[in-house]
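Fold and contact review
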Amino acid sequence: MTISESAEGDALADGGAGRAPSSPVISLTWREGTILIEGIVQRVEERIGPQALRRLVEIVDRDGPAALARVEGDFIALVRSREQLHAFKSFTSQFQIYYREGDRSVANRLFAFWAAATGQWNEDYFARHVLIVPGYQFLSRETPVEGVMRVLPGELVSIGSRIERRQLVRRNYVYRLDPDQRREELAEHVLHLLRDAIRTRLAARPHARICVEISGGLDSSFIACLLGEQLSTGVRGVMFSQPRLPSHAISERYARDVAERYGIDLTVLPPEALPVGDPDVSGYADEPSDFFWFGDIFSRAVAELAAPHSYVFTGFGADQLFLRSPAFLPYLLRRKEYRAFRNTLPAASRLLARGQISVAWQCLVSQLPAELHRSLQRLWFSRGWNPWDVSDVNMERALTGDIPWLRCGRSLAEYSLERHRAEVAMVGDGIICDDWGYFSAPRAVTQAHFSGKSLVDASPFCDLPLLDYVYDNISARLVHDFGGRYKELLRDAQKGIVPENLRGRRNDTFVFNSFQMNYVDAAKERLAGLLDEVDEGWIDVKAARHAFQQLSFGVTSSSTRSVMALMGYLQWRRAFLDRATTSRDDLQDGFFREALSWS
């Protein structure tokens, strides 16, 4: 048996642990072969920076590829041994690594598996994407290409004479509901974990330039301030604003306060300074996103400003951890925490400006099986008053539904049940998370624009140690506290770091809806033309065109949300096929591939 390989970027040899500062790929040598890593290795048994890579080699030498489960970071790895290939993905990684059983091949780019003559698209993947089933790029093995699978988070796939899959990392999160915890007792450790998340990233790529997106809100401003603490110079900030809107003008003032306090070189981009039209080069991404428009505007703008090989820090992921949600009320009923429900209901009702009876009824209705609830909603849809409406406490059911113009795949109910089972197996069902796929979301949005300059998205709020601390140690009552301001726990962690006027803001009103509508209006002809490329066996094209017309008029419904997702898929597929048939060197960023061959 022999092993063939194709990898971009040779690393610098350094005692068996080499690193290529200009390459997105880390190449290491261990006792049986090589280790290729894309992403960031943050800590290995209390070692960071180059020492972490050396320690990684030592533990793989001693314990084999399964030792990668003990490595902290946002990365994927391909380990070559004498007779096997091993593919691993860290638990919260945004990166993907793929394999195909038929030819025993592994790659970190999906285009490597496409063959023009024989390639087939996966209809179930397409249907999940159009139905906006949460988490499918995180929890499902299936990919857009039929017969190609993804390595799941925390999974080690070993490929040799047979395929072996081992789930080395999993969680079983369950909210604590301790009524006696105090925010000030916990905020200090939240701050420590975020500082550490930044420190370990900087140590992993000490020569990287730094860019940070600052919206003027609590999350991104906190990250910008923590960067300013650790780096006295050299941080570039980017803000997108609509100064003519009062809420945006306030946010811009807050962002400038942060920049002035920490010496951040801030660029504020008004709408007229944002990129418009199609980019000169169609950007490649491994998988589609329903937020493709966000990437085409904002990620593209950041890519134009950031220096090559920069980190791009964001506050992404904070909402999942620290933003209170009315969904906490039906969650308490499901947990049979009736006393906690009774105590939480009055403040939540006041915040929602709804009567307690109305909110309590919606929480009770949310306990119905999803498909039965959708059937009841359909029966009452045209009657003017719908007693089955739960939009105040359960937005997932309010915004999703089967799409009449979708012809392929299975029902939303089947996909939702499949998703729930996968979530329980991976992370349990003891917390509220509307989309576990949020870990992979940044790369799906940014890759088409960031890869050309080897930019690395950095989202400290997505780090596993922080998730473990929030979900295992902090009472959910402190997060889902409806009696005070939103994100009070995060505000406590920001004391003395974030400017007080910003830390005390009552709400974050920076929204992107107007940007999306402007994008649709500007790209209307191009997006409508994409419908000419879709298989009519997959959708009713005429009905989809009607849904797209409704979208362009500002209508918000399950159908218009899905047609936007459809446009994201079709735009992605066009760029994917272009990349799969092109061998341009400027599109090789970080690509590696290996396959077993028998002789």
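The structure this text deals with has already been given above.
Here goes a summary of the coordinates provided. Counting restarts for each chain, with residues numbered from 1 along the sequence as it is written. Per-residue local features are limited, in this predicted model, to residues with pLDDT of at least 70; the limit for side-chain atom pairs, both in listing and counting, is 80 or more; totals at the level of whole chains, interfaces and linings are taken over all residues. Note that the side-chain values use all heavy atoms of the structure and ignore hydrogens as well as water.

**Describing the overall build of the protein**
Counting from the N terminus, the helices are DSSP H or I runs at least four residues long and the strands are E runs at least two residues long. The helix and strand tally for the protein stands at 23 helices and 16 strands. Our radius of gyration looks at C-alpha atoms and nothing else; its globule reference is 2.2 Å times the residue count to the power 0.38. Radius of gyration (C-alpha) of the protein: 24 Å, near the 25 Å computed for a compact globule of 599 residues. The principal-axis extents of the C-alpha atoms in the protein amount to approximately 70 × 60 × 50 Å. Residue burial in the protein is summarised as follows: out of 599 residues, 57% are buried. By definition, residues are in contact when any of their heavy atoms lie within 4.5 Å. Counted over contacts in the protein with a minimum sequence separation of 6, partners at least 24 positions apart contribute 75%. Surface accessibility in these figures is a Shrake-Rupley result with a 1.4 Å probe; residues are shielded only by whichever protein chains are displayed. Only carbon and sulfur atoms are counted for the fraction: they give 50% of the accessible area of the protein, which is about 24900 Å². Neither His nor the chain termini are counted; the positive set is Lys and Arg, and the negative set is Asp and Glu. Lys charges are placed at NZ, Arg charges at CZ, Asp charges at CG and Glu charges at CD. Taking the 72 positively charged and 77 negatively charged side chains of the protein as two groups, their mean positions are separated by 4 Å. Burial classes follow relative accessibility: with a 1.4 Å probe on protein chains only, a residue under 20% of its type's maximum area counts as buried, one over 50% as exposed, and anything between as partly exposed.

**As for the sheet that holds strand β13 (residues 265-269)**
The strands making up a sheet associate through hydrogen bonds between their backbones, and the pairing can be parallel or antiparallel. In this analysis, strands are considered paired if DSSP registers two or more bridges between them. Strand order in this open sheet of 5 strands is β13-β12-β11-β14-β15, and the pairing throughout is parallel. Unpaired on one side and paired on the other, β13 and β15 (456-458) mark the two borders of the sheet. Taking the axes of each pair of neighbouring strands and ignoring which way they run, one obtains an average angle of 25° across the sheet. The pairing of strand β11 (residues 210-213) with strand β14 (residues 311-313) spans 3 bridges and is classified as parallel. Note that in β14 the partner of Val 212 across the bridge is Phe 313. The sheet strands contacting helix α5 (residues 218-230) are β11 and β14, and the helix crosses β11 at an angle near 155°. Only the stretch in contact is used when fitting a helix axis, every axis being a line fitted to C-alpha atoms; angles between N-to-C directions are given from 0 to 180 degrees.

**Examining the side chain of Glu 252**
Mapped onto the fold, Glu 252 is located in helix α6 (residues 246-262). Its relative accessible area of 14% is what places Glu 252 among the buried residues. In contact with Glu 252, other than residues within four places in its own chain, are Met 239, Ser 241, Pro 243 and Val 268.

**Observations concerning helix α15 (residues 441-450)**
With 8 of 10 residues buried, α15 is to be regarded as a mostly interior element. If you check which residues of α15 are buried, you get Pro 442, Arg 443, Ala 444, Val 445, Thr 446, Gln 447, His 449 and Phe 450. Looking at the buried side of α15, the elements it contacts are β3 (33-44), α3 (136-139), α7 (292-305), β14 and β15.

**Side note on the environment of Arg 407**
Structurally, Arg 407 can be placed in the loop between α13 (395-399) and α14 (412-427). The sequence separation of Arg 407 and Glu 536 amounts to 129 residues, and the corresponding C-alpha distance is 8.5 Å. Filtering out sequence-adjacent residues up to four positions away, Arg 407 remains in contact with Glu 536, Gly 537, Trp 538, Ile 539 and Asp 540. Residues adjacent in sequence count toward polar contacts only when both atoms are side-chain atoms; beyond that, a polar contact is any pair of N or O atoms within 3.5 Å, and within protein one must be able to donate a hydrogen and the other to accept it. Polar contacts involving the side chain of Arg 407 include one to the main-chain carbonyl oxygen of Glu 536, which spans 2.8 Å.

**Here's the deal with the packing of helix α2 (residues 123-131) against helix α23 (residues 558-580)**
At a closest axis distance of 7 Å, the pairing of α2 and α23 adopts a crossing angle of 135°. Considered as vectors, α2 and α23 are oriented oblique to each other. Here Tyr 125, Phe 126, His 129, Val 130 and Leu 131 of α2 lie close against α23, whose contacting residues are Ser 562, Ala 565, Leu 566, Gly 568 and Tyr 569. By the convention adopted, Pro, Cys, Tyr, Trp, Phe, Met, Ile, Leu, Val and Ala count as nonpolar, Lys, Arg, Asp and Glu as charged, and the other residues, Gly among them, as polar. A per-class count over the contact of α2 with α23 returns 7 nonpolar, 3 polar and no charged. An angle below 35 degrees is read as roughly parallel, one above 145 as roughly antiparallel, one from 65 to 115 as roughly perpendicular, and any other as oblique.

**Some details on unusual backbone geometry**
Unusually for a residue other than glycine, Glu 46 sits at a positive phi of about 70°. Positionally, Glu 46 belongs in the loop between β3 and α1 (50-63). Judged by its relative accessible area of 66%, Glu 46 falls in the exposed class. For Lys 487, which is not glycine, the phi dihedral falls at a positive 55°. For Lys 487, the position within the fold is in the loop between α17 (476-479) and α18 (488-493). For Lys 487, a relative accessible area of 2% gives the class buried.

**A closer look at the nonpolar core**
Side-chain atoms within 4.5 Å link the members of a nonpolar core, which is a set of buried Ala, Val, Leu, Ile, Met, Phe, Trp, Tyr and Cys residues. One finds Phe 222, Phe 313 and Trp 436 to be the most contacted residues of the largest nonpolar core, which totals 92 residues. Per-element accounting of this core gives the leading share, 9 residues, to helix α4 (residues 183-204). When neighbours within four sequence positions are excluded, Trp 436 is seen to be in contact with Gly 135, Phe 138, Leu 139, Tyr 173, Glu 423, Val 427, Ile 431, Leu 467 and Tyr 471. Val 130, Val 133, Ala 523 and Met 567 belong to the second-largest nonpolar core, a separate cluster that totals 65 residues.

**Points about the sheet that holds strand β4 (residues 71-80)**
The 6 strands are arranged β2-β3-β4-β5-β9-β10 in an open sheet whose pairing can be described as antiparallel. If you trace the sheet from one side to the other, it starts and ends with β2 (25-30) and β10 (163-167), each paired once. In this sheet, neighbouring strand axes are inclined to one another by 20° on average, regardless of whether the strands run parallel or antiparallel. The pairing of β3 with β4 spans 10 bridges and is antiparallel. Note that in β4 the partner of Ile 40 across the bridge is Asp 74.

**What about the packing of helix α22 (residues 541-552) against α23?**
Where α22 meets α23, the axes come as close as 9 Å, and the angle between the chain directions of the two elements is 105°. By the angle between their directions, the pair α22 and α23 is classed as roughly perpendicular. Residue-level inspection shows Ala 544, Ala 547, Phe 548, Gln 550 and Leu 551 of α22 in contact with α23, the latter providing Ser 559, Thr 560, Val 563, Met 564, Leu 566 and Met 567. Residues that form the contact of α22 with α23 fall into these classes: 8 nonpolar, 3 polar and no charged.

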